[in-house]
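Examination of the molecular architecture
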Amino acid sequence: AQSVTQLDSQVPVFEEAPVELRCNYSSSVSVYLFWYVQYPNQGLQLLLKYLSGSTLVKGINGFEAEFNKSQTSFHLRKPSVHISDTAEYFCAVSNTGGFKTIFGAGTRLFVKA
Amino acid sequence: DAEITQSPRHKITETGRQVTLACHQTWNHNNMFWYRQDLGHGLRLIHYSYGVQDTNKGEVSDGYSVSRSNTEDLPLTLESAASSQTSVYFCASSVGSGGEETQYFGPGTRLLVL
């Protein structure tokens with residue numbers, strides 16, 4: 001069975017500082033990996049996804065993530081955050097050939113002025 | 001523009017009542033999903049559908065049902081609402097069958113069961 005662990009439930013950070021949101025997964029088969037963002041009172045929207053190829057994936061709003069197969073991780077990073085990045089971030093995994101996506105519990109990012 | 005909508009956006013009901021939450025998408029996606037979001041649990045899958053007349057149970061399906069009579073709609077019914085079903089409910093859709101598809105989410109429905 002697949003699972004996703006987001007290691008931090010909340011991450012406070014000052015504006016213009018770098019941030020890393022951590023995600024580990026477990027799966028016995030090849031996977032696809034996703035990061036979604038949820039702004040207050042909205043649904044989720046895709047930030048980026050890893051399907052194959054380069055392990056460094058770039059997404060919207062300056063975010064990027066690196067797939068590390070040996071450490072089964074897919075950490076999300078941004079070199080300089082803005083107040084507008086305050087949101088909840090979800091890591092998710094699906095297996096190749098499957099329909100269902102498993103979501104982590106989420107990490108709340110608070111960006112302070 | 002294509003979109004996915006949910007109604008109502010907010011609902012208060014009483015224990016034991018039947019409640020139906022609507023989900024409508026104009027993406028023409030074959031896959032549709034219902035999730036509930038609770039603090040500390042992230043999103044948990046309730047039911048999903050791969051196409052018309054197809055429905056499947058997710059990890060937290062007890063007390064919920066769905067039906068898919070057309071491509072656009074997947075209503076979620078709470079047969080007899082319980083306080084444990086107080087939550088935020090999200091509908092999502094996607095196209096394809098390989099696992100790599102992006103899911104497109106509705107704005108959510110906040111349900112309070114008293």
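This text goes with the structure placed above it.
Notes on the structure in this doc start here. Please read these numbers as outputs of a predicted model, since none were measured by experiment.

What follows deals with the side chain of B:His47. Residue and element names in this part refer to chain B. The residue His 47 is located in strand β5 (residues 42-49) in this model. The class for His 47 is buried, based on a relative accessible area of 5%. A polar side-chain atom of His 47 sits 3.1 Å from the main-chain carbonyl oxygen of Asn 56. In contact with His 47, not counting residues within four places along its chain, are Met 32, Phe 33, Trp 34, Asn 56, Lys 57, Gly 58, Ser 61, Tyr 64, Ser 65, Val 66 and Leu 76.

Bringing the interface of chain A and chain B into the picture now. Put simply, an interface is often sized by how much accessible area is lost when its parts join up. Each partner contributes to the interface: chain A provides 25 residues, whereas chain B provides 26 residues. Around 1,800 Å² of area is buried between chain A and chain B when both sides are counted, 55% of it from carbon and sulfur atoms. One can count zero salt bridges joining chain A with chain B. Our enumeration of links across chain A and chain B arrives at four residue pairs in polar contact (both at pLDDT 80 or more). Among the secondary structure elements, those contributing two or more residues to the side of chain A that touches chain B are β5 (31-38), β6 (44-50) and β10 (87-95) of chain A. A per-class count over the side of chain A that touches chain B returns ten nonpolar, eleven polar and four charged.

Looking now at the sheet that holds strand β7 (residues 64-66) of chain B. Residue and element names in this part refer to chain B. Across the sheet, which stays open at both edges, the four strands sit in the order β1-β3-β8-β7 with antiparallel pairing between neighbours. The sheet terminates laterally at β1 (4-7) and β7, the two strands that pair on one side only. Taking each pair of neighbouring strands and ignoring which way they run, the sheet shows an average axis angle of 20 degrees. Across three bridges, the pairing between strand β3 (residues 19-25) and strand β8 (residues 76-78) is antiparallel. Of the residues in β8, the one forming a bridge with Thr 20 is Thr 77.

What counts and what doesn't
Residues numbered from 1 in each chain as written. Chains lettered and ligands numbered in written order. Predicted model: local features only at pLDDT ≥ 70, side-chain atom pairs only at ≥ 80, totals over all residues. Heavy atoms only, no water. Helix = DSSP H or I, 4+ residues; strand = E, 2+ residues; numbered from the N terminus. Buried < 20%, exposed > 50% of the residue type's maximum accessible area, 1.4 Å probe, protein only. Polar contact = N/O pair within 3.5 Å; in protein donor to acceptor, adjacent residues only side chain to side chain. Contact = heavy atoms within 4.5 Å. Buried area = accessible area lost by both parts, 1.4 Å probe. Salt bridge = Lys/Arg side-chain N within 4 Å of Asp/Glu carboxyl O. Nonpolar A, V, L, I, M, F, W, Y, C, P; charged D, E, K, R; others polar. Pairing = 2+ DSSP bridges. Axes fitted to C-alpha atoms, helices over the stretch in contact; angles between N-to-C directions.

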